[in-house]
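Remarks on the overall topology
Here is how the chains run, residue by residue.
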Amino acid sequence: MISDIEIFWGSGSPFSWRVLLMLEIKKIPYISRRLDFSKKEHKKPEFLKINPRGKLPALRERNFTLSESLAIMVYLDRKFPELPFFGRKAEEEALIWKVISDFSYFAFPATSRVILPIFTGQLASNEDDVKTAAVEVNAELQRLDDGLKDQSWLTATNIISAADIAVYPFIAALERAAGKEIAKPLNLGFSELGGRYPNLKAWCQRICKQPGYDKAYPPHWREAA
Ligand SMILES: N[C@@H](CCC(=O)N[C@@H](CS)C(=O)NCC(=O)O)C(=O)O
């Protein structure tokens, strides 16, 4: 199917991954525009016209441009309502936003304090802070694990939703970061997610089985496993 939806994204960006997962799972046709962080393509004037902040992801559909992963997810869900990712009923939509808000306010700050220094080679100078943040991250992972004890998805709907897609890339990034050789000696507690958080691991595996998961997976993660 021909599409006018262009998606600008970067490999390994959890925010980009949210959008790509949604596009693939909902089978929304799109034109992929991968930008290379190492070449600073996201800071070039041409892209700054689409997102003046120079951040990925972004969407362009003819004259309409949009940044912010959650806003893009809402836009796509409205345009392609089959398999709704933001629920059908008021209660469902509210609970999906509750999970996303919880994650954004309580888990994301500590999560980024762990993953950024590890992925950007700045662990040595931030080791103490990474360890402190990891304590907070573990508390949040425990909450998620407890919540998944009796349900398959992060909200009690019996289908995958935007809540799962918004949170998953960060959990995958945490597991990958903690499993890196340089991070292993710190024993951050989530390099083998399933050992401590079996419900969360099972949820990750359910997401991995979603259609299009492989296509959305960060390509450079495969190249440098
Ligand atoms: N709140 C934004 C965050 C976007 C963001 O921070 N993207 C990162 C990649 S994960 C980025 O583009 N960083 C490049 C830079 O800041 O130079 C969203 O949800 O889309």
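The paragraphs below set out a description of the structure included in this document. Every chain's residues receive numbers from 1 upward, in the order its sequence appears when written. For this predicted model, a pLDDT threshold of at least 70 governs which residues receive local features, and a threshold of 80 or more governs which side-chain atom pairs are given and counted, while totals over whole chains, interfaces and linings are taken from all residues. Hydrogen atoms and water are omitted, and side-chain values are computed over all heavy atoms in the structure.

Quick look at the environment of Arg222
Rules: The way it works is that DSSP assigns letters per residue, a run of H or I at least four long becomes a helix, a run of E at least two long becomes a strand, and they are numbered from the N terminus. For the exposure calls, accessible area comes from a 1.4 Å probe over protein chains only, and a residue counts as buried if that area is under 20% of its type's maximum, exposed if over 50%, partly exposed in between. Pairs of residues are marked as contacts when any of their non-hydrogen atoms sit within 4.5 Å.
Mapped onto the secondary structure, Arg222 falls in helix α10 (residues 219–223). Assessed through its relative accessible area of 46%, Arg222 is described here as partly exposed. Along the chain, Arg222 and Arg62 lie 160 residues apart, while their C-alpha atoms are 32 Å from each other. In this structure Arg222 touches Asp214 and Tyr217, once residues within four positions along its chain are discounted.

Considerations on the layout of surface pockets
Stated formally: Only protein atoms enter the 1 Å grid used here. Points where a 1.4 Å probe fits but cannot escape make up a cavity, open sets with protein on both sides within 12 Å along at least five of seven lines make up a pocket, and a residue lines them when an atom lies within 4 Å of a point. Grid points are joined across faces, edges and corners, and a volume is the space filled by probe spheres set on the points. The classification used treats Ala, Val, Leu, Ile, Met, Phe, Trp, Tyr, Cys and Pro as nonpolar, Asp, Glu, Lys and Arg as charged, and all other residues, Gly among them, as polar. Throughout the structure description, domain borders are defined by an automatic or database domain assignment.
Approximately 1000 Å³ is the volume attributed to the largest pocket. Lining the largest pocket are 35 residues, and of these Ser13, Pro14, Phe15, Phe37 and Leu116 lie nearest its centre. Elements with a contribution of two residues or more to the lining of the largest pocket: α1 (14–25), α3 (69–79), α4 (90–119), α6 (162–179) and α10. No other element matches α4, which puts seven residues into the lining of the largest pocket. Broken down by class, the residue content of the lining of the largest pocket amounts to 15 nonpolar, twelve polar and eight charged. Two domains share the lining of the largest pocket, each providing at least three of its residues, namely domain 1 (5–79) and domain 2 (90–223).

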